Amino acid sequence: MSDGSPVVLLETAVTTRGLPREGWSWQGRDVITDLEPDWNLQGPVNLELARSMSRCVRREGAIPATVAIMDGRWRIGLEPDELEQLAQDETAGKASITSIAAALHSGSSAGTTVSGALIAAGLMKRVTGRAPSVLATGGIGGVHFDWSRQPDVSADLKVMASTPVVVVSAGVKSIVDVVATREWLETLGIPVMGLGTTAFPCFIAGVDERAPGVLKVDSESEAADIARLHWETVDPSGGLLLGVPLPECSVLEASIVQEANDRAESSANEAGVDGPDRTPHLLSHMAEETDGRSLIANIQLLLANAKVASRLARSLPPQPS
Ligand code: PSU
Ligand code: MN
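These notes cover the structure that comes with them.

Each value, and the rule that gives it
- Residues numbered from 1 in each chain as written.
- Chains lettered and ligands numbered in written order.
- Predicted model: local features only at pLDDT ≥ 70, side-chain atom pairs only at ≥ 80, totals over all residues.
- Heavy atoms only, no water.
- Axes fitted to C-alpha atoms, helices over the stretch in contact; angles between N-to-C directions.
- Helix = DSSP H or I, 4+ residues; strand = E, 2+ residues; numbered from the N terminus.
- Parallel < 35°, antiparallel > 145°, perpendicular 65-115°, else oblique.
- Left-handed = near helix turned anticlockwise from the far one by under 90°.
- Contact = heavy atoms within 4.5 Å.
- Nonpolar A, V, L, I, M, F, W, Y, C, P; charged D, E, K, R; others polar.
- Salt bridge = Lys/Arg side-chain N within 4 Å of Asp/Glu carboxyl O.
- Buried < 20%, exposed > 50% of the residue type's maximum accessible area, 1.4 Å probe, protein only.
- Pairing = 2+ DSSP bridges.
- Lys, Arg positive; Asp, Glu negative; His and termini not counted.
- Polar contact = N/O pair within 3.5 Å; in protein donor to acceptor, adjacent residues only side chain to side chain.

1. Describing the packing of helix α3 (residues 45-59) against helix α4 (residues 80-88)
Right, on to step 1. Where α3 contacts α4, the axes come no closer than 9 Å and their chain directions differ by 150°. As judged from the angle between their axes, α3 and α4 are roughly antiparallel. Considering how the two elements wind past one another, α3 and α4 form a crossing that is right-handed. On α4, the residues that touch Asn46, Leu47, Ala50 and Arg51 of α3 are Leu83, Glu84, Ala87 and Gln88.
Right, on to step 2. Split by residue class, the contact of α3 with α4 holds four nonpolar, two polar and two charged.

Put into structure tokens, the structure is as follows:
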């Protein structure tokens, strides 16, 4: 941070609550090792993914700043042994803007969501005088289905609106109401760019043509130019989203995603799972329903986003304010 090297923030709720803690037991072993030759198939999926993302960032010439709460303390830039400890800690939950203070108070460990990791950007600025400008994740949180009955809207959106960081994601998790989420991004004043696409990316389902479109950029450096103009002349304290669609060949057919989603939703409703536990429940149910295909797609997009975020960070290094 002090010499202005490119830094990419990485969230860890995906490590503690988004991916399985077991080794690879689904189909598609070859796909995984093709994606990442250094992936240990016996190792826990969540830890292997976290390690792979860090490797991707470094390979692209940036520095990963993996954010978590460890034993009641903020940790930004986890050491390898800390990452392992976090990934294996079954008591580690997920912490967002509303739960971080409680985690610090109780001395517990938690992975930070997108909103939690964005808050770390402000801390880094206070400590180092520079703020990182890029964060990589799989899919941001959003507006959950049935929002008119229970408005479960991820705090990711609110914090993105007030943090000057470009969040690189495959758009929004497909387990949420994609159209409603796209509308909320608009209302909150968060510019949405799409890398090589005018359609709104929606995680493992590719892009959603029903949602209002996005601003197409052809490269990471074009996205960086737009972010810089936004911060210099429009909103110095607001965030942007750079959506990266999952390559067509890995996209799950819309009908499969839809059906798996519906069953995951019913199971969450039957089990009465809501609040922060809803996303982990839906994700693990989706993996079961699709025989691991949703997991492969999820891993693929997380790694792809880490690469795009690193290239973006090289165009948008941390600046002194
Ligand atoms: N996308 C994934 N897996 C995840 C998440 C997103 O593929 O686990 C996490 C992110 O950390 C995101 C969080 O910030 O879910 C949103 O949770 P909620 O809807 O409870 O705000
Ligand atoms: Mn929620």
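2. Notes on the environment of Val308
Right, on to step 1. For Val308, the position within the fold is in helix α12 (residues 293-315).
Right, on to step 2. Taking C-alpha positions, Val308 is 34 Å from Val273, a pair spaced 35 residues apart along the chain.
Right, on to step 3. When sequence neighbours within four positions are dropped, the list of residues in contact with Val308 reads Val168, Leu195, Glu220, Leu242 and Val244.

3. Here's the deal with unusual backbone geometry
Right, on to step 1. Despite not being glycine, Asp146 shows a phi value in the positive range, around 65°.
Right, on to step 2. Structurally, the position occupied by Asp146 is in the loop between β7 (134-136) and α7 (155-161).
Right, on to step 3. For Phe203, which is not a glycine, the phi torsion comes out positive at approximately 65°.
Right, on to step 4. Here Phe203 shows up in the loop between β10 (200-201) and β11 (207-208).

4. Focus: the pattern of salt bridges
Right, on to step 1. Taken as a whole, this structure holds 17 salt bridges when the rule is applied.
Right, on to step 2. Between Glu186 and Arg182 there is a salt bridge, with its nearest N and O atoms 3.5 Å apart. Here Glu186 pairs with Arg182, and both are found in helix α8 (residues 178-187), just four residues apart, close to one helical turn.
Right, on to step 3. In this structure, the salt-bridge partner of Arg263 is Glu289, at a minimum N-O distance of 2.6 Å.

5. A word on the pairing of strand β2 (residues 63-70)
Right, on to step 1. Buried residues dominate β2, accounting for seven of its eight residues.
Right, on to step 2. With four bridges joining them, strand β1 (residues 7-10) and β2 adopt parallel strand pairing. Note on β2: the bridge partner recorded for Val7 is Ile63.
Right, on to step 3. Alignment of β2 against strand β3 (residues 73-76), held across four bridges, turns out to be antiparallel. Paired with Ile69 across the strands is Trp74, a residue of β3.
Right, on to step 4. One ladder, built from two bridges, connects β2 with strand β5 (residues 110-112); its direction is antiparallel. Its bridge partner lying in β5, Ala68 is registered against Gly111.

6. Quick look at the packing of helix α9 (residues 220-234) against α12
Right, on to step 1. Where α9 meets α12, the axes come as close as 9 Å, and the angle between the chain directions of the two elements is 55°. Classified by the angle their axes make, α9 and α12 are oblique. The handedness of the crossing between α9 and α12 comes out as right-handed. Contact residues: Glu220, Ser221, Ala223, Ala224 and Arg228 in α9; Val308, Arg311, Leu312 and Ser315 in α12.
Right, on to step 2. Taken together, the residues of the contact of α9 with α12 break down into four nonpolar, two polar and three charged.

7. Concerning the side chain of Glu11
Right, on to step 1. Turning to its location among the elements, Glu11 is positioned in the loop between β1 and α1 (13-18).
Right, on to step 2. Within the buried core, Glu11 has no salt-bridge partner, and the shortest N-O distance to an opposite charge, that of Lys173, equals 8.0 Å.
Right, on to step 3. Looking at Glu11, its side chain comes within polar contact range of the main-chain nitrogen of Val14, at 3.1 Å.
Right, on to step 4. Engagement of the side chain of Glu11 in a polar contact is seen with the side chain of Thr137, the distance being 2.5 Å.
Right, on to step 5. With sequence-adjacent residues up to four places away left out, Glu11 is seen in contact with Thr112, Thr113, Val114, Ala117, Ala136 and Thr137.

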